[in-house]
There are 2 protein chains.
Amino acid sequence: MASFIPIKTVEELAGYIPQTGPLQMRNQSFSDIEDDVLYHIALGKKSHDLKDMFHDVKFVCFGGSPNRMRSFAEYMVKALNYKMPAGQDLCDIAHGSDRYVLYKVGPVLSVSHGMGMPSLSIIIHEIFKLLHHAECSDVTFFRLGTSGGLGLKPGTVIITEEAVDGLLRPYMEVATLGMMLQHPSRLSHEVAQELLNLADPNADFDTIIGKTMCTLDFYEGQARLDGFFCDYSKEDKMAFLRRVHNRGIKNIEMESLCFAAYCYRAGIKSAVVCVTLLDRMEGDQINVAHEVIEEWQQRPQRLVAAYIRKHLGIESNVSCNSI
Amino acid sequence: MASFIPIKTVEELAGYIPQTGPLQMRNQSFSDIEDDVLYHIALGKKSHDLKDMFHDVKFVCFGGSPNRMRSFAEYMVKALNYKMPAGQDLCDIAHGSDRYVLYKVGPVLSVSHGMGMPSLSIIIHEIFKLLHHAECSDVTFFRLGTSGGLGLKPGTVIITEEAVDGLLRPYMEVATLGMMLQHPSRLSHEVAQELLNLADPNADFDTIIGKTMCTLDFYEGQARLDGFFCDYSKEDKMAFLRRVHNRGIKNIEMESLCFAAYCYRAGIKSAVVCVTLLDRMEGDQINVAHEVIEEWQQRPQRLVAAYIRKHLGIESNVSCNSI
């Protein structure tokens, strides 16, 4: 009798398998380790009952700024009609460290990731491990960010279709034990499309799907003319931005590539939703009034909140936009 | 008469010239811009009198954690015998943004840079521009950090001789307008040697000079076995760490390469001083008691404070170690 050889999909061969049950680590060397100190959020397997604290988590929302992620948590209290017991308030669960903030509102985590891919990579690693220890399943990840737009009215919301690096490569490179490994960045097209469908058609701003360029540098990496260093001309800048715009890039930021690559590799559905603070075709400086930026930053938050409400089956006469 | 062609040094040809007078920007495209909003520290050329606020700055000290850089500022008040007027206290000058903190004690700035090179690159760009607008001259930059050591007792202080990336390359790459540019990372050997000479010979820990590996990733990038992702064995990890250790790497962190590359390119003297929180030959987890880490983190601070006191001609019967 001939032996049966199961045929593997490309994704299985590459080790990228969407996870369905409790989140498993992609680590062959971890079982030996008894405790697990999540150093940068001051939590640990032995010091905390992570399953009791986090087992019900279904949505993890990341953003750069600690204040913004506290505001998002406060917003989610209202959006989910979450009942806070008398005399209690939200608190930063990671208060033992000043590196990141971590809030929890029912099944939603709101986490800051700082700026840039390395800062994001540390916290996303530790949140993955936290969800593994808590035996969470079927979790969706979101990044809610700010960005520079290309040829778009400032305040536009972009749902990332694909994240690429500064050379338009759709993968993140990590120097690993002397080799430069490439991790493909793939986001969930289903979640992106569902978010787009939830965008308020009566809003006075656009919500679109497009490609996002993710850079390691805010000034030269994004072709700005106003950095301390700059050895190219305005014409060079404009030629570069036009070229990437022609290839579908709608906005530029500094975290989407790592976020997409690590979520994909972990087998976790994910989406990136960013508002644009300026049109890079028109300038480099962010000089919009603070209150305007505050309002714009709520746009990705409202969209993701609408997604979460829908998936939790929360009906309300009150639209998320008016909360 | 033959025309005279001045011979340029390699450094001049490459554009790397130590700056002596007021700090000049390395930017050919900047003069057009009237205002300059330093967005991530909520300061600006028009909104603030930057020269009045910062003209006397001579030393800029960076570190990852906001709390640590506040502690360093408080420590400098004592170390410089700085008289704080009655009813006044240190405040975060960048309080209009929650991205970084910025304290000033006389000629010393204490600044947080978050985690990773991209986060550092944003703040160092904006601090360079701030010093330019304030017409500061002869400024020295320090990074005071934490790191993983190689074959060293935890708590050891390393003064970085050379910063290299995860493939041992002594430069930082920045994708710039579609090209991958390489910026050499060179630190001041004079400042490093002077710091070493100031190390307390009676201390119960070692202070040494050595090479520092700077990575974009905390887990796989540093050959940890305890990340969410890991597809190598303990033997692979140990073989890699032994190989880099044999080539002079004493510690591993996530910012020195960008710090060294940008300071060198700006023509600014700089040094990196990090304490080790663990010996990576022995393990991956940082599980030292909080109070112990607090004490260790003060070691780079005390050393840099001794340097600053010496250069300001501050004599004291009280040793910095006992403040």
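Going along each chain's sequence as written, the residues are numbered from 1 onward. Here chains are named by letter from A upward and ligands by number from 1 upward, in the order in which they appear as written. Since the coordinates come from a predicted model, pLDDT governs what is reported: local features require at least 70, and pairs of side-chain atoms require 80 or more to be given and counted, while whole-chain, interface and lining totals use all residues.

1. Some thoughts on the overall build of chain A
What counts, and what does not: Strands are runs of DSSP state E lasting at least two residues, helices are runs of H or I lasting at least four, and both sets are numbered from the N terminus onward. Only C-alpha atoms enter the radius of gyration, while the globule expectation follows 2.2 Å times N to the 0.38, with N the number of residues. The burial label depends on the number of other C-beta atoms within 10 Å of a residue's C-beta. Counts of 20 or more mean buried, 12 or fewer mean exposed, and intermediate counts mean partly exposed, with C-beta atoms placed from the backbone. Throughout, a pair of residues is in contact if the C-beta atoms placed from their backbones lie within 7 Å.
When its secondary structure is counted, chain A shows 8 helices and 14 strands. In terms of overall size, chain A behaves like a compact globule, its C-alpha atoms giving a radius of gyration of 20 Å where 323 residues would be expected to give roughly 20 Å. Counting only C-alpha atoms, chain A reaches 60 × 60 × 40 Å along its principal axes. Across the 323 residues in chain A, those meeting the buried criterion constitute 50%. Across chain A, the fraction of contacts at a sequence separation of at least 24, relative to all contacts at a separation of at least 6, is 78%.

2. Digging into the nonpolar core
The nonpolar side chains of a soluble globular protein tend to be buried with one another. Convention followed: Working definition: the nonpolar core is a set of buried Ala, Val, Leu, Ile, Met, Phe, Trp, Tyr and Cys residues, joined through C-beta atoms within 7 Å.
Judged by nonpolar contacts, the single largest core of 184 residues is most densely connected at Cys61(A), Val273(A), Cys61(B) and Val273(B). Residues contacting Val273(B), with those up to four places away along its chain left out, are Phe142(B), Leu144(B), Val157(B), Ile159(B), Leu195(B), Pro300(B), Leu303(B) and Val304(B).

3. What about the interface of chain A and chain B?
Here is the rule we go by: Each residue is assigned to one class: nonpolar for Ala, Val, Leu, Ile, Met, Phe, Trp, Tyr, Cys and Pro, charged for Asp, Glu, Lys and Arg, and polar for all the others, Gly among them.
In this complex, chain A contributes 61 residues to the contact, which on the side of chain B involves 61 residues. If you list the elements that add at least two residues to the side of chain A that touches chain B, you get strand S1 (26-27), helix H3 (66-79), helix H4 (117-133), strand S9 (171-176), strand S12 (229-230), helix H6 (234-246) and helix H7 (256-266) of chain A. Among the elements that make up the side of chain A that touches chain B, the one with the highest residue count is H4(A) (8 residues). Residue composition of the side of chain A that touches chain B, grouped by class: 29 nonpolar, 19 polar and 13 charged.

4. Quick look at the relation of the copies chain A and chain B
Formally: The copies were overlaid by least squares, fitting only the C-alpha atoms of residues that reach a pLDDT of 70 or more in each copy.
Take chain A, turn it by 180 degrees, move it 0.0 Å along the axis, and it overlays chain B with an RMSD of 0.0 Å. Such values leave the two copies arranged in the relation of a two-fold axis. Interface overlap between copies is the fraction of interface residues in one copy that are interface residues in the other; for chain A against chain B it reaches 100%, indicating a shared surface.

5. Focus on the pairing of strand S7 (residues 140-149) of chain B
Residue and element names in this part refer to chain B. Test applied: When DSSP finds two or more bridges between two strands, those strands count as paired.
Of all the 10 residues making up S7, 9 are buried; the element is thus mostly covered by neighbouring parts of the structure. As paired strands, strand S4 (residues 59-63) and S7 are joined by 4 bridges and run parallel to one another. Residue Val-60 lies in a different strand from S7, and its bridge partner there is Phe-141. Note: S7 against strand S13 (residues 249-253), 2 bridges, orientation antiparallel. For Gly-149, the partnering residue across the bridge sits in S13 and is Asn-251.

6. Focus on helix H3 (residues 66-79) of chain B
All names here are of chain B. For clarity, the cut-off: A helix is expected to reach a length of 1.5 Å times the quantity of its residues less one. This arc corresponds to the set of directions leading from the helix axis out to the C-beta atoms.
Relative to the 20 Å expected for 14 residues at 1.5 Å per residue, H3 spans 20 Å between its end C-alpha atoms, a close match to the ideal helical length. Restricting attention to buried positions, one finds in H3 the residues Pro-66, Arg-68, Met-69, Phe-72, Ala-73, Met-76 and Ala-79. For H3, the angular spread of the buried residues around the axis is 155 degrees, confining them to a single face. The elements touched by buried residues of H3 are S4, strand S5 (102-105), strand S6 (108-112), S7 and helix H8 (290-312).

7. Things to note about the environment of Ala79(A)
With respect to the secondary-structure elements, Ala79(A) resides in helix H3. Residue classification places Ala79(A) among the buried residues on the basis of 24 C-beta atoms within 10 Å.

8. As for the environment of Thr212(B)
Residue and element names in this part refer to chain B. By the secondary structure assignment, Thr-212 is in strand S11 (residues 207-214). For Thr-212, a count of 27 C-beta atoms within 10 Å translates into the label buried. For the pair Thr-212 and Gly-63, spaced 149 residues apart in sequence, the C-alpha to C-alpha distance is 16 Å.

9. Focus: the packing of H4(A) against H7(A)
Two measures define how a pair of helices packs: the angle their axes make with one another and the distance between the axes. Residues and elements named next belong to chain A. Quick note on the threshold: Interaxial angle, 0 to 180 degrees, is taken between N-to-C directions of lines fitted to C-alpha atoms, where a helix line uses only the stretch in contact. For classification purposes, an angle smaller than 35 degrees is called roughly parallel, one larger than 145 roughly antiparallel, one from 65 to 115 roughly perpendicular, and anything else oblique. Throughout, a crossing is termed right-handed when the near helix is turned clockwise from the far one, and left-handed when it is turned anticlockwise from it by less than a right angle.
Interaxial distance between H4 and H7 falls to 9 Å at its minimum, and their mutual angle equals 25 degrees. Of the possible angle classes, the one that applies to H4 and H7 is roughly parallel. For H4 against H7, the interelement crossing comes out right-handed. Across the interface between the two elements, Met-117, Leu-120, Ser-121, Ile-124 and Phe-128 from H4 touch Leu-257, Cys-258, Phe-259, Tyr-262 and Ala-266 from H7. The residue inventory of the contact of H4 with H7, partitioned by class, reads 9 nonpolar, 1 polar and no charged.

10. Brief notes about H6(A)
Residue and element names in this part refer to chain A. Its 13 residues place the ends of H6 18 Å apart at the C-alpha level, agreeing with the 18 Å of an ideal helix rising 1.5 Å per residue. Every buried residue of H6 is listed here: Lys-237, Leu-241 and Val-244. Projected down its long axis, H6 shows its buried positions confined to an angular sector of 65 degrees, all on one face. Summarising the geometry of H6, the exposed residues directed more than 90 degrees from the buried face are Glu-235 and Asn-246. Packing partners of the buried residues in H6 comprise strand S11 (207-214) and strand S13 (249-253).

11. Digging into the environment of Trp296(B)
Residues and elements named next belong to chain B. Mapped onto the elements, Trp-296 comes out in helix H8. For the pair Trp-296 and Pro-154, spaced 142 residues apart in sequence, the C-alpha to C-alpha distance is 8.8 Å. In this view, Trp-296 contacts Gly-155, Val-275 and Leu-277; residues no more than four positions away in its chain are not counted.

12. A look at the confidence of the model for chain A
Low pLDDT marks stretches whose predicted atomic positions should not be read closely. How we decide: One confidence number per residue, pLDDT, is output by the predictor and ranges from 0 to 100.
Per-residue pLDDT for chain A has a mean of 92; in total, 92% of the residues score no lower than 70. Predicted complex metrics record ipTM = 0.92 and pTM = 0.93.

13. Describing unusual backbone geometry
Residue and element names in this part refer to chain A. At Asn-81, a position not held by glycine, the phi torsion is positive, near 50 degrees. Here Asn-81 is to be found in the loop between H3 and strand S5 (102-105). Look at Asn-81 and you get exposed, because 12 C-beta atoms sit within 10 Å.

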